Amino acid sequence: MESDLIINTDAREVTGLDGTWDIIIDPYQTGYYDYRSQPNPNGYFRNRKNVEPDDPYEYNFDLSDKLEVPGDWNTQMEKLHWYEGTIWYKKDFSWELKQDKRVFLYFGAVNYDARVWVNGEYAGRHIGGFTPFNFEVTELLQNGDNFVVVMADNTRKPEAVPTMITDWANYGGITRSVKLIETEETFLQDYYIQLNQNAENEVAGWVRLNGDQLQQRVEIRISEENIVHRVETDVDGFASFSFTAELRKWSTTDPHIYDVRIVTETDEITDQIGFRTIETDGTDVLLNGEPIFLRGVNIHEEAPYRTGRAHSIDDARTLLNWVEDMGGNFVRLSHYPHNEHMVREAERRGIMVWAELPLYWMIQWDNPETLENARNQLTEIIHRDKNRAAVILWAMSNETPLTDARVQFLQEMIRTTKALDPSRLTTAALQSRWIEEEGSERITFMIDDPIGEYLDVLGVNQYYGWYGGANAPMDHLTWETIYDKPLIISEFGAGAKQGWNVPDNQRWSEEFQAELYRHTLDMFDRIEFLSGTVPWILMDFRSPRRTLPVVKDGFNRKGLISETGIKKKAFDVMKEYYQRIEEFGHGVEIEE
Ligand code: GCB
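Keep in mind it's a predicted model, so treat the numbers as computed, not measured.

Looking at the sheet that holds strand E28 (residues 458–461)
Part 1: The parallel closed barrel is built from eight strands, whose spatial order is E21-E22-E23-E24-E25-E28-E30-E31. Averaged over neighbouring strand pairs, the angle between their axes works out to 30 degrees when direction is ignored.
Part 2: Where helix H6 (residues 569–584) meets the sheet, it contacts strand E21 (294–299) and strand E31 (530–533), and its direction lies at approximately 155 degrees from that of E21.

Printed below as a string of structure tokens:
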């Protein structure tokens, strides 16, 4: 699947359109449909204003409310706290037309359905709330005053990805940065430069040009190693290549990143790229050929301290500082693609990334349009992040039901992933089957989900002691798998309200949560084929499902840190566990 997405946008000639936008709240989509439900050619995208007393327009962007972009609408305005529906956004900007230049309008993400117009002319539409997209607007711009209008709709729909029910807030709006990207007539749109996973001293990849002058000489330069590799693009502007190179590997302890410069006859760009191999051997995950235990933690894209959708480099730094403080070397960016700052910042710090698609709980598995939508979101996120050494796992789904239609759907997703990016591993967060032995206390967690056959690494979520079972020693629990593949416990945990003052060991107390972590981690020591642990979750996050007053108040409280940034007791339990793993490895219980 080809994509017209422009990558590495920060390294290009960019004009930011972030800042204050005029908005119109439009629950009835009056700005789009007329009273016969037909698209109205004079919708709000025309941005008309009454000038004369008799002018008939029944809207006015300039006199309406304002919102900051990037940012969700729910946490910016009290009256939008629970709003799901359509909001129109408008931004004025001035532009100087340049000969021989092309211009693309790029959105980091809009949740969920975005239609875009420039100066009243239609530019395009995008579906999916967490992936980037761009439209060419060269012909739509004019010298001087311009405006862009976005119709953003976050209505939940049964056929959508994600679908109706999620355990997170459906934050709406233009949640990531908007920019105009200026390019040459023929420019380097996309490239893939990674180690060949089957020959670790071979750099392999491709470049793709966009424009009229598609046959060009291209150089890939890694000057730190005195490497200059030359290729020529074909009539379609495409060239694949491979060359041998002894490179310093990117790893969690030495996250070395090279400046890689790609120079064509008409364009050039520099990216920061790390080189590493990631593979499996039986039940081990191997980074650069060595087994590694993934000391992980789950993260939602929830902004620390202020709540709402996180989007900035500062948000990423705060969250990843906590991961490092805990002793982590791995993050699961659940349950959808996070912003690019997060991935690049993780990479700079040597933190490995599990990147996930929002195929969460229930999905219309037998709906071909839903599959197409999911594959499109997959394609976009792979395109954006395929040169990031930190990303080691493409995760297909979370806790999806065991039906044939779902297996076929996910198989198709795995096939697409491997075709687009043969250099990374696939996984999914599954559930185990509890087998209770009659007349005995023993319980076996059996991993035999049929999709396991097609994945490289198995993630399993388990909440023994919280959703079922007692918060007590777990010696009666054992784990079995029918697959000779690495296992990551992709979720475990318990809810606790930070500072909750109740007698020890009561549900919702910090002590209860810490105790459950101790019992669970003891159990993990006994799982031989375990390759990583990922507690649920780093920080409390908003979820409309969590209504219990006083304790929850609209937040999922399984965070190890409160949304106000205060660590709970279980944070230290996790930290001690990771110190022990780092020092002695997995499976070694230390006698106190
Ligand atoms: C899960 C889900 C996660 C929820 C969590 C919970 O299994 O994967 O999205 O937030 O449990 O807190 O119940």
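As for unusual backbone geometry
Part 1: Note the cis peptide between Val 161 and Pro 162, where omega equals 5 degrees.
Part 2: Here Pro 162 lies in the loop between strand E9 (144–153) and strand E10 (178–184).
Part 3: The amide bond that connects Trp 536 to the next residue, Ile 537, takes the cis arrangement and shows omega of 15 degrees.
Part 4: With respect to the helices and strands, Ile 537 occurs in the loop between E31 and strand E32 (541–542).
Part 5: Despite not being glycine, Asn 47 shows a phi value in the positive range, around 55 degrees.
Part 6: Along the chain, Asn 47 falls in the loop between strand E2 (19–25) and strand E3 (65–69).
Part 7: Even without glycine at this site, Asn 288 takes up a positive phi of about 50 degrees.
Part 8: Along the chain, the position of Asn 288 falls in the loop between strand E19 (284–287) and strand E20 (290–291).

Quick notes on the site of the ligand
Part 1: Around the ligand, the structure places 14 residues, and the nearest of them are Asp 167, Tyr 360, Glu 399, Tyr 467 and Lys 558.
Part 2: Trp 536 has a polar side-chain atom sitting 3.3 Å from an oxygen atom of the ligand.
Part 3: Contact with the protein chains removes 97% of the 310 Å² of surface that the ligand exposes when unbound.

Digging into the side chain of Thr 166
Part 1: Of note, Thr 166 is situated in the loop between E9 and E10.
Part 2: Judged by its relative accessible area of 10%, Thr 166 falls in the buried class.
Part 3: Here the side chain of Thr 166 touches Trp 168 through a polar contact of 3.2 Å, landing on its backbone oxygen.
Part 4: Excluding residues that lie within four positions of it along the chain, Thr 166 makes contacts with Tyr 360, Trp 361 and Arg 545.

A few points about the packing of helix H5 (residues 510–525) against H6
Part 1: Between H5 and H6, whose axes approach to 7 Å, the crossing angle comes to 20 degrees. Relative to H6, H5 is oriented roughly parallel. Viewed along their axes, H5 and H6 form a crossing whose handedness is right-handed. Between H5 and H6, the residues in contact are Glu 510, Glu 511, Gln 513, Ala 514, Tyr 517, Arg 518, Leu 521, Phe 524 and Asp 525 and Lys 569, Ala 570, Val 573, Met 574, Tyr 577 and Arg 580, respectively.
Part 2: When grouped by side-chain class, the residues that make up the contact of H5 with H6 number eight nonpolar, one polar and six charged.

Structural notes on the pattern of salt bridges
Part 1: In the structure shown here, the tally under the stated rule is 51 salt bridges.
Part 2: We note a salt bridge from Arg 230 to Glu 219, for which the minimum N-O separation is 3.0 Å. Linking Arg 230 in strand E14 (residues 227–232) with Glu 219 in strand E13 (residues 217–222), this pair joins segments that are eleven residues apart in sequence.
Part 3: Within the structure, one salt-bridge network assembled from shared partners comprises Asp 22, Lys 49, Asp 62, Lys 66, Lys 90 and Asp 92.

Some words on the pairing of strand E17 (residues 268–273)
Part 1: By the alternation rule, side chains of E17 split into Ile 269, Asp 271 and Ile 273, which are all buried, and Glu 268, Thr 270 and Gln 272, of which none is buried.
Part 2: Note: strand E16 (residues 258–263) against E17, six bridges, orientation antiparallel. Within the sheet, the bridge partner assigned to Arg 261 lies in E17 and is Thr 270.
Part 3: Following E16, the chain reverses through four residues before pairing antiparallel with E17.

Considerations on the domain arrangement of the protein
Part 1: We note that the domain assignment places domain 1 (9–184), domain 2 (198–276) and domain 3 (280–584) within the protein.
Part 2: The C-alpha centroid of domain 3 is placed 33 Å from the C-alpha centroid of domain 1.
Part 3: If you look at the interface, domain 1 gives 28 residues, while domain 3 gives 35 residues.
Part 4: Taken together, both faces of the contact between domain 1 and domain 3 bury some 2,700 Å²; the carbon and sulfur share is 59%.
Part 5: Considering only the side of domain 1, the residues that lose the most area to domain 3 are Val 161, Asp 167 and Trp 168, jointly responsible for 26% of the buried surface there.
Part 6: For the interface between domain 1 and domain 3, the tally reads two salt bridges.
Part 7: Between Arg 176 and Glu 301 there is a salt bridge, with its nearest N and O atoms 3.0 Å apart.

A few points about the environment of Arg 557
Part 1: By the element assignment, Arg 557 lies in the loop between strand E33 (555–556) and H6.
Part 2: When the C-alpha positions of Arg 557 and Arg 546 are compared, they lie 8.7 Å apart, and in sequence the two are eleven residues distant.
Part 3: Ignoring sequence-local partners within four residues, the contact set of Arg 557 consists of Ala 494, Gly 495, Ala 496, Lys 497, Gln 513, Asp 540, Val 551, Lys 552, Glu 563 and Lys 568.
Part 4: Of the polar contacts made by the side chain of Arg 557, one reaches the side chain of Glu 563; its length is 3.0 Å.

What counts, and at which threshold
- Think of each chain on its own: its residues are numbered from 1, step by step along the sequence as written.
- Totals for whole chains, interfaces and linings use all residues, but because this is a predicted model, local features are given only for residues with pLDDT of at least 70 and pairs of side-chain atoms are given and counted only at 80 or more.
- Side-chain metrics rest on all non-hydrogen atoms present in the structure, leaving aside hydrogens and water.
- Two strands are said to pair when DSSP picks up at least two bridges between them.
- Counting from the N terminus, the helices are DSSP H or I runs at least four residues long and the strands are E runs at least two residues long.
- Working convention: axes come from line fits to C-alpha atoms, limited for helices to the stretch in contact. Angles between N-to-C directions cover 0 to 180 degrees.
- Any two residues having at least one pair of non-hydrogen atoms within 4.5 Å are treated as being in contact.
- Working definition: residue near molecule or strand if any one of its non-hydrogen atoms lies within 4 Å of it.
- Polar contacts, as counted here, are pairs of nitrogen or oxygen atoms within 3.5 Å of one another; within protein the pair requires one atom able to donate a hydrogen and one able to accept it, and residues that are adjacent in sequence qualify only if both atoms are side-chain atoms.
- Reported accessibility uses the Shrake-Rupley method at a 1.4 Å probe radius. Residues are deemed covered only where the shown protein chains occlude them.
- Burial status follows relative accessibility: with a 1.4 Å probe on protein chains alone, a residue under 20% of its type maximum counts as buried, one over 50% as exposed, and anything between as partly exposed.
- Small angles under 35 degrees read as roughly parallel and large ones over 145 as roughly antiparallel, with 65 to 115 read as roughly perpendicular and the rest as oblique.
- A clockwise turn of the near helix away from the far one marks a right-handed crossing, whereas an anticlockwise turn of less than a right angle marks a left-handed crossing.
- Three categories are distinguished: nonpolar for Ala, Val, Leu, Ile, Met, Phe, Trp, Tyr, Cys and Pro, charged for Asp, Glu, Lys and Arg, and polar for the others, with Gly belonging to the last.
- Every case where a carboxyl oxygen of Asp or Glu lies within 4 Å of a side-chain nitrogen of Lys or Arg is listed as a salt bridge.
- Reported domain spans reflect what an automatic or database domain assignment gives.
- A quick way to say it: buried area is the sum, across both parts, of accessible area lost when two parts are put together, with a 1.4 Å probe.

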